[in-house]
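Listed below are the residues making up each chain.
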Amino acid sequence: MTKTIVVPLDGSELAERSLPTAAWLGRELGCQIRLMTTNLGGDTAAEEAYLRDQATKAGAASIDVEVVDHRFPARGVQDCVEALADPVICMTTRGRGGLAEVLLGSVSDEIVRGVQVPVVL
């Protein structure tokens, strides 16, 4: 049974669109929500404040926040979920596809291919 829903955020409005879905899943499944971001060398306190602000806006009953120090966002998300029992990832995707994805890569694609847990996109 799912115990934690991990919601990776990068500071963009697009990423924040996953919050209502994650909050709904959290209520329906009765599980913890963990908002997380990767710190790419910036201000950890500012990153944590951003996550706490998003947690308040989400309005879910039980939300944790975590800032993972990692150079690569997808690997940071993978590290976060590997430390949890029975997690699910809930995130948005830009939906680029085609040549743009080949040239620029896709964090969501990298996450889906790199984890062994359910992912809600």
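These lines cover the structure that appears in this document, whether it is placed above or below. (Residues numbered from 1 in each chain as written. Predicted model: local features only at pLDDT ≥ 70, side-chain atom pairs only at ≥ 80, totals over all residues. Heavy atoms only, no water.)

### Observations regarding unusual backbone geometry
The test is simple: Only DSSP runs of H or I reaching four residues or more are called helices, and only runs of E reaching two or more are called strands; each is numbered from the N terminus.
Phi angles above zero are rare outside glycine, and Asp86 is one such case at about 55°. Take Asp86: it is sitting in the loop between α4 (73-82) and β4 (87-90).

### With respect to the packing of α4 against helix α6 (residues 107-114)
Note the cut-off: Geometry is summarised by axes, namely lines fitted to C-alpha atoms with helices restricted to the contacting stretch, and by angles between N-to-C directions that run from 0 to 180 degrees. Helix crossings fall into two classes, left-handed where the near helix is turned counterclockwise from the far one by less than a right angle and right-handed where it is turned clockwise. For this analysis, residues touch if any pair of their heavy atoms sits within 4.5 Å. Basically, the charged four are Asp, Glu, Lys and Arg, the nonpolar ten are Ala, Val, Leu, Ile, Met, Phe, Trp, Tyr, Cys and Pro, and anything else, Gly included, counts as polar.
For the pair α4 and α6, interaxial distance at closest approach is 9 Å and the crossing angle is 35°. α4 and α6 meet at a crossing whose hand is right-handed. Contact with α4, carried on its side by Pro73, Ala74, Val77 and Gln78, involves Val107, Glu110, Ile111 and Gly114 of α6 and no other residues of that element. Of the residues belonging to the contact of α4 with α6, the class tally is five nonpolar, two polar and one charged.

### Here's the deal with helix α2 (residues 19-29)
To keep things clear, this is the line we draw: Exposure classes here rest on a 1.4 Å probe applied to the protein chains alone. A residue is buried below 20% of its type maximum, exposed above 50%, and partly exposed in between. Here the arc refers to the directions that run from the helix axis out to each C-beta atom.
Among the residues making up α2, those that are buried are Leu19, Ala22, Ala23, Leu25 and Gly26. Axial view of α2: buried residues confined to an arc of 165°, hence all on one face. Opposite the buried face of α2, by more than 90 degrees, sit the exposed residues Pro20, Arg27 and Glu28. Residues of α2 that are buried in the fold lie against β1 (4-8), α1 (13-16), β2 (32-39), α3 (44-58), β4 and β5 (119-120). Of the residues trailing α2, Gly30 is marked for its positive phi of about 65°.

### Describing the nonpolar core
Under the convention used in this document: By nonpolar core we mean a set of buried residues, namely Ala, Val, Leu, Ile, Met, Phe, Trp, Tyr and Cys, connected to one another through side-chain atoms within 4.5 Å.
In this structure, Ile5, Val7, Leu9, Ile33, Leu35, Leu51 and Cys90 are the most contacted members of the largest nonpolar core, which totals 18 residues. At the level of elements, β1, α2, β2, α3 and β3 (63-69) are the ones that each hand at least two residues to this core. When residues in this core are grouped by element, the largest group, four residues, is from α2. Sequence-distant contacts of Leu51, that is, excluding residues within four places in its chain, are made with Leu9, Leu35, Met36, Thr37, Val65, Glu66 and Val67. With 12 residues, the next largest nonpolar core counts Val6, Cys80, Val81 and Leu84 among its residues.

### Considerations on α3
The α-helix advances 3.6 residues per turn, and as a result positions three or four apart in sequence lie on the same side. Selection criterion: Given a helix with a known number of residues, its expected span is that number minus one, times 1.5 Å. Here a polar contact is recorded for every N or O atom pair within 3.5 Å, except that within protein the pair must consist of a potential hydrogen donor and a potential acceptor, and residues adjacent in sequence are included only if both atoms are side-chain atoms.
Look at α3: 21 Å from first C-alpha to last across 15 residues, which is about the 21 Å you get at 1.5 Å a residue. For α3, the set of buried residues is Tyr50, Leu51, Gln54 and Ala55. In a view along the axis of α3, the buried residues occupy a sector of 140°, so they form one face of it. Summarising the geometry of α3, the exposed residues directed more than 90 degrees from the buried face are Ala45, Thr56 and Lys57. Lining the buried residues of α3 we find α1, α2, β2 and β3. You can read the cap of α3 off the contacts: a side-chain oxygen lies 3.1 Å from the backbone nitrogen of Ala45, and it is on Asp43.

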